[in-house]
Amino acid sequence: MRHSEFCERLSIEHSTLSIWMEQGWVVPAKNDGRGEFHDADVARGLLILDLSETMGVNHEGIDVIMALVDQVHGLRSKLQALTDAIRDQDEQVQRQILQSLERSS
Amino acid sequence: MANDPYETLGVAKNATQKEIQSAYRKLAKKLHPDLNPGDKNAEDRFKEASAAYALLGDEEKRARFDKGEIDATGAEQAARNYYKEYAATPGADTRYQSTSGFSDFGEADDIFSSFFSRRGHGQTHARGRDLHFAMEVDFLEAVNGAKKQITLPDRTTLDLQIPPGTQDGQPLRLRGKGEPGPGGGPAGDALIEVHVRPHPIFTRDGDDIRIEMPISLREAILGGKVLVPTISGNVTLTLPPNSSTGKTLRLKGKGVTKRGGGSGDQYITVKVILPDPADPDLAAFATSWSAGEAQNPRRAWGG
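Cut-offs applied
- Residues numbered from 1 in each chain as written.
- Chains lettered and ligands numbered in written order.
- Predicted model: local features only at pLDDT ≥ 70, side-chain atom pairs only at ≥ 80, totals over all residues.
- Core = buried A, V, L, I, M, F, W, Y, C linked by C-beta atoms within 7 Å.
- Buried ≥ 20, exposed ≤ 12 C-beta atoms within 10 Å, placed from the backbone.
- Helix = DSSP H or I, 4+ residues; strand = E, 2+ residues; numbered from the N terminus.
- Domains from an automatic or database assignment.
- Contact = placed C-beta atoms within 7 Å.
- Pairing = 2+ DSSP bridges.
- Axes fitted to C-alpha atoms, helices over the stretch in contact; angles between N-to-C directions.
- Expected span 1.5 Å × (residues − 1).
- pLDDT = per-residue confidence, 0-100.

## Examining the nonpolar core
By size, the foremost hydrophobic cluster in this structure holds 17 residues, and its most contacted members are F6, W20, W25, L47 and I48 of chain A together with Y83 of chain B. Breaking this core down by element, the ones donating at least two residues are α1 (3-10), α2 (14-23), α3 (39-54) and α4 (59-87) of chain A together with α5 (83-87) of chain B. The dominant element in this core, judged by the number of residues it contributes, is α3 of chain A, at 4 residues. Residue-level mapping places this core at the junction of two domains, with at least three residues from each of domain 1 (1-57) and domain 2 (58-105) of chain A. Those residues in contact with L47 of chain A that lie beyond four places of it in its chain are D34 and Y83 of chain B. Grouped together as the second largest cluster of nonpolar side chains are 14 residues, Y6, I20, L31 and A49 of chain B included.

## Some words on the sheet that holds strand β1 (residues 131-137) of chain B
Residue and element names in this part refer to chain B. In space, the 3 strands of this open sheet follow the order β1-β5-β4, with mixed pairing throughout. Strand pairing shows two members of the sheet lacking a second neighbour, β1 and β4 (171-174), which therefore form its edges. For this sheet, the mean inter-axis angle between neighbouring strands, taken without regard to orientation, is 25°.

## Here's the deal with α4 of chain A
With 29 residues, α4 of chain A ought to run about 42 Å at 1.5 Å a step, and its terminal C-alpha atoms sit 42 Å apart, in line with that. When α4 of chain A is considered as a whole, its buried residues turn out to be M66, V69, D70, V72, H73, G74 and K78 of chain A.

## Notes on the confidence of the model for chain B
Here chain B averages 84 in pLDDT, and 85% of its residues register 70 or above. This model gives residues 119-124 of chain B a pLDDT under 50, and the stretch forms 6 contacts once residues within four places in sequence are excluded.

## Some thoughts on unusual backbone geometry
With an omega of 5°, the peptide bond running from D276 of chain B to P277 of chain B counts as cis. Looking at the element boundaries, P277 of chain B is found in the loop between β11 (266-273) and α9 (280-288). Backbone geometry places S11 of chain A, a non-glycine residue, at a positive phi of 50°. Relative to the helices and strands, S11 of chain A resides in the loop between α1 and α2. Judged by local crowding, S11 of chain A falls into the exposed class, with 9 C-beta atoms found within 10 Å. At N242 of chain B, a position not held by glycine, the phi torsion is positive, near 60°.

Now the structure itself:
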């Protein structure tokens, strides 16, 4: 979707979107050289609105939170991939990994 | 939603609008699904709190609810897709995902480091090729960690940190020290395969160290204090009396430092060495030692 539709769906001003993009909180996906937003960006926008309006978090706080949220998702996806990879192994290998985890925790 | 919205937000029936708002804010900060990805309980509670707030946060709706004109279910909200649902979809675009939090996982370079620190973004320029090298290090350098310098074929030198606990054959990765990438792409990595020279005393068994310790017949029979080499220097060990060859003692925490913290142990297997040359007094004693004749260490063989 174009910028105008994105703003409409979130009921925000264009100037607000400009700030979000400057801060890097939302980044349009590149498609044929034109930036466009997806549903994921709308959901991200809703989170930013929840933070600023519902929870009263200021700009600095949102900056910190979005960076951490992105790290958590990076971490979760790696952990998921790792867990899936372990599940693909022989049962004995799985058991060894479990033992090793229990020893280190 | 069957629960009392006042109870859900944890406020009194006569709470002011401001109190209701701040109670909801507090809950939202703690329970927002995007701040608790994967926590189903937090999400359910957040939905309940949001529904309660949609009702009580609106003065008009709250008044009608208090009069019994509408019930709590009248305030159910439309379903919403949270950001986490997009972020967690396999194969979803990873514009936002950051794996910078793993950069320290890659320090102890192993086959997983590239998995953890790979960027989600598609790299626009091809990476340069990795360069492979091999080097030998001493057993103690590998076990305790060391700083080494290697000279590359083009005569440049590279400082190399051998992490404590490095295993024989383990590759160390020096990021960006390989060939430069074509067209301004990132440089490849230098991969250095470490070969650990064997040690005359120590052998490595995972995170544990094993040694065979020769002891005299007198020490074997009477026990006593012996000085034992470990990878971090000598320590004094008390040998119990009557220690046969093959008896194994453990020095806890004297093994190899584990990557996740802690250390393995050192195991000491004793080996009784008879005097050389033979002592005629000892032979005389053994001849006259009647209990010695009755001892049969091969009883288990049925002999």
